[in-house]
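# Working through the structure, step by step
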Amino acid sequence: MKFFRVQSVENVMRLMETEIQPTTKVEEIPLQACLHRILAEDVTATEDVPSFTRSVVDGYAVNSKDTFGASETLPAFLDCIGEVKMGKSIERSLERGQTMYIPTGGMLPQGSDSVVMIEDCEAMEDVINVYRTVARNENIISRGEDARLGDLLIPKGKRLRPQELGALASLGKTSVTVKKQLTVGYLSSGDEIVPFQEKVIPVGKVRDVNGITIPSLAEGWGFKVKTASIARDEFDDFYEKAKSLYEECDVLVISGGSSVGTRDYTTEVIESLGDNEPGILVHGISIKPGKPTIFSMSSGKPILGLPGHPASAMIIFQLFGKKLLSLLQGEAKEGVKHTATAVVSQNIPSAPGRTDFIRVKLQEENGQYIAIPVLGKSGLVKTLVDSDGLLEIAEHKEGVNKGDSVTVHLFS
Ligand SMILES: Nc1nc2c(c(=O)[nH]1)N[C@H]1C(S)=C(S)[C@@H](COP(=O)(O)OP(=O)(O)OC[C@H]3O[C@@H](n4cnc5c(N)ncnc54)[C@H](O)[C@@H]3O)O[C@H]1N2
Ligand code: MOO
């Protein structure tokens, strides 16, 4: 493996797609614990949903033909023969010219095919004046309209959001088979890095920023995280910590030492884990920031080496870490990216042959967002705090011009 034989963002993404095999570990858990988990089985409807045709308004159940031509000046007159009770089955059927009062959610009686809203009617003892023509199926939800018995309701591989949980609840599913939640092993490295809890630190030391940003991102995406104390720039200490995380977790993420400095043990340690087959596949991406990124596969397990600079680490983890975890977790398709459209506030040059991710702040002006670059080195944490997202300048472009409309990837 040669150092810094940079590969394009696209190549690295493709490589991840071919190398990473989705986990086969599944578990059955209660529906209430399924939020953000990946469905491991196709869910088909075991009954018609809803199981009966119901009204979506308070009004009168009618045969739409009986309202044909009805208007403010020429109402239709229908005989009211009773009332539908909420939550109860209705045995009586309507004959032509008849109606029944029906609450929102009530079951439609046989002989009716629509509901006239109460506001469009007037009750005159047992006769209801209908002042509006309604169409067939108006103001109702038909039996099986959500899903018919046997329909594929949610395909496997789908990340379960609150609405999928709602659909599963509507079928009476109390437990669901999902992919086992992956555990991300995270390790910060470097002699200069000290735990962030240290109140006073000697000159030359730096508090561990990546040790909080990277696990927080992974947890926010629905993964478990295990960490170890900061690895020293010394092979044995680094190796021991990396090895135990590698063995206990589904994926290992290391920050720092990804460059080519003499004290950088990261590559050596990565190559010592598992069978190192195929080993380091990427060391260097044509991207800014984050060029010295490492991606390795060993004994079927992915290892990601993040550059130490906090902005580089976070940006690379957002882009490649999220993709890697989503592939490994067996998500059918990565979730929709959170983006905003904005107008660039100034010219931003970029070197062709490299994908640039510019931190930007969004400011709303006259109903549109203005993207203002937050310039600063990738070692500066404040640049991340000041920015709302990233503006991507594609590899083939020489920059963007003031006034260009661009897509900004929002920090989640
Ligand atoms: N000769 C070259 N040198 C460098 C290159 C290059 O192409 N050729 N690339 C530069 C780029 S780009 C980056 S990014 C860095 C990445 O370096 P490392 O991944 O080896 O990271 P370190 O040297 O360990 O740290 C860099 C910087 O970040 C601070 N750091 C590290 N870990 C943390 C942490 N957990 N929390 C907060 N800050 C952290 C560290 O103290 C350093 O200041 O390499 C360039 N060099
Ligand atoms: O590109 Mo590095 O990632 O300068 O900080």
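In this text the structure is predicted, and so the values were computed from the model without any measurement. (Residues numbered from 1 in each chain as written. Chains lettered and ligands numbered in written order. Predicted model: local features only at pLDDT ≥ 70, side-chain atom pairs only at ≥ 80, totals over all residues. Heavy atoms only, no water.)

## Section: the side chain of Ser378
Structurally, Ser378 can be placed in the loop between strand 25 (368-373) and helix 7 (381-386). Of the residues examined, Ser378 reaches a relative accessible area of 15% and is grouped as buried. A polar contact is formed between the side chain of Ser378 and the side chain of His309, at a distance of 3.5 Å. Within the structure, Ser378 has its side chain in polar contact with the side chain of Ser312 (distance 3.2 Å). Apart from residues lying up to four places away in sequence, Ser378 is in contact with Pro289, His309, Pro310, Ala311, Ser312 and Arg359. (Helix = DSSP H or I, 4+ residues; strand = E, 2+ residues; numbered from the N terminus. Buried < 20%, exposed > 50% of the residue type's maximum accessible area, 1.4 Å probe, protein only. Polar contact = N/O pair within 3.5 Å; in protein donor to acceptor, adjacent residues only side chain to side chain. Contact = heavy atoms within 4.5 Å.)

## Points about the pairing of strand 20 (residues 294-298)
Where burial is concerned, most of strand 20 is hidden: five out of the five residues are buried. The two faces of strand 20 match: Ile294, Ser296 and Ser298 on one face and Phe295 and Met297 on the other face are all buried. One ladder, built from five bridges, connects strand 18 (residues 278-283) with strand 20; its direction is antiparallel. Of the residues in strand 20, the one forming a bridge with Ile280 is Ser296. Note: strand 20 against strand 21 (residues 301-306), five bridges, orientation antiparallel. Looking at strand 21, one finds that Ser298 is bridged to Lys301. Between strand 20 and strand 21, which pair antiparallel in sequence order, lie two residues; one of them, Ser299, sits at a positive phi of approximately 50°. (Pairing = 2+ DSSP bridges.)

## Observations concerning the sheet that holds strand 18
In space, the six strands of this open sheet follow the order 16-13-17-21-20-18, with mixed pairing throughout. In this open sheet, the two edge strands, each paired with only one partner strand, are strand 16 (224-227) and strand 18. Across the sheet, the mean angle from the axis of one strand to that of its neighbour is 20°, orientation sign disregarded. Here strand 13 (residues 183-188) pairs with strand 17 (residues 251-255) via five bridges, running parallel. Counterpart to Ser188 in the pairing with strand 17 is Ser255. Of the strands in this sheet, strand 13, strand 16, strand 17 and strand 21 are in contact with helix 3 (residues 210-220), which crosses strand 13 at around 170°. Contacts from helix 6 (residues 310-329) reach strand 13, strand 17, strand 20 and strand 21 within the one sheet, and its direction differs from that of strand 21 by about 175°. (Axes fitted to C-alpha atoms, helices over the stretch in contact; angles between N-to-C directions.)

## Focus on helix 2 (residues 162-170)
Residues lying three or four places apart along an α-helix face the same way, a consequence of the helix completing one turn every 3.6 residues. Regarding helix 2, the residues found buried are Glu164, Leu165 and Leu168. Angularly, the buried residues of helix 2 cover 100° about the axis, an arc narrow enough to put them on a single face. Each element contacted by the buried residues of helix 2 is listed here: strand 2 (43-44), strand 11 (152-154) and strand 12 (175-179). Looking one or two residues beyond helix 2, the residue adopting positive phi is Gly172, at roughly 80°. (Arc of directions from axis to C-beta.)

## Here's the deal with the nonpolar core
Core analysis: the largest hydrophobic core is formed by 37 residues, its most contacted members being Phe317 and Phe320. Contributing elements (two or more residues each) for this core: helix 1 (9-19), strand 13, helix 3, strand 17, strand 18, strand 20, strand 21 and helix 6. Beyond its immediate stretch of four places on either side in the chain, Phe320 contacts Val9, Val12, Met13, Met16, Ile285 and Ile287. Counting residues in hydrophobic clusters, the runner-up holds 16 residues, among them Leu187, Ala242, Val269 and Ile270. (Core = buried A, V, L, I, M, F, W, Y, C linked by side-chain atoms within 4.5 Å.)

## Examining the pattern of salt bridges
Pairs can form between side chains of opposite charge whenever their charged atoms are close. Across all of its chains, the model carries 19 salt bridges by this definition. Across the salt bridge formed by Lys323 and Glu17, the nearest N and O atoms sit 2.5 Å from each other. Within this pair, whereas Lys323 is found in helix 6, its partner Glu17 is found in helix 1, the two being separated by 306 residues in sequence. A salt bridge links Glu27 to Arg37, with the shortest nitrogen-to-oxygen separation between them at 2.5 Å. (Salt bridge = Lys/Arg side-chain N within 4 Å of Asp/Glu carboxyl O.)

## Quick notes on the site of ligand 2
For ligand 2, the full set of nearby residues is Pro289, Gly290, Lys291, His309, Ser312 and Ser378. One of the side-chain N or O atoms of His309 is found 3.1 Å from an oxygen atom in ligand 2. A distance of 2.7 Å is found between an oxygen atom of ligand 2 and a side-chain nitrogen or oxygen belonging to Ser312. In terms of residue class, the shell around ligand 2 is built from one nonpolar, four polar and one charged. (Near = heavy atom within 4 Å. Nonpolar A, V, L, I, M, F, W, Y, C, P; charged D, E, K, R; others polar.)

## A short note on the site of ligand 1
Surrounding ligand 1, one finds 23 residues, the nearest of these being Glu192, Asp208, Val209, Ser258 and Ser259. Residue His309 places a main-chain N or O atom 3.3 Å away from an oxygen atom belonging to ligand 1. Coverage of ligand 1 by the protein chains reaches 72% of its 860 Å² of free accessible surface. Elements represented by at least two residues in the shell around ligand 1 include exactly strand 15 (206-207) and helix 6. (Areas by Shrake-Rupley, 256 points an atom, 1.4 Å probe, with all protein chains shown as cover.)

## Structural notes on helix 3
When we look at burial in helix 3, the residues that qualify are Asn210, Thr213, Ile214, Pro215, Leu217 and Ala218. Check the buried side of helix 3 and you find it contacts strand 13, strand 16, strand 17, strand 21 and helix 6. Note on helix 3: the residue one or two positions beyond its end, Gly222, has a positive phi of about 95°.

## So, the packing of helix 3 against helix 6
The interhelical angle for the contact between helix 3 and helix 6, taken along N-to-C directions, is 15°, at an axis separation of 10 Å. One element, helix 3, and the other, helix 6, form an angle in the roughly parallel class. Our pair here, helix 3 against helix 6, has a crossing hand that is right-handed. On helix 6, the residues that touch Asn210, Thr213, Ile214, Leu217 and Ala218 of helix 3 are Pro310, Ala313, Met314, Phe317 and Gln318. (Parallel < 35°, antiparallel > 145°, perpendicular 65-115°, else oblique. Left-handed = near helix turned anticlockwise from the far one by under 90°.)

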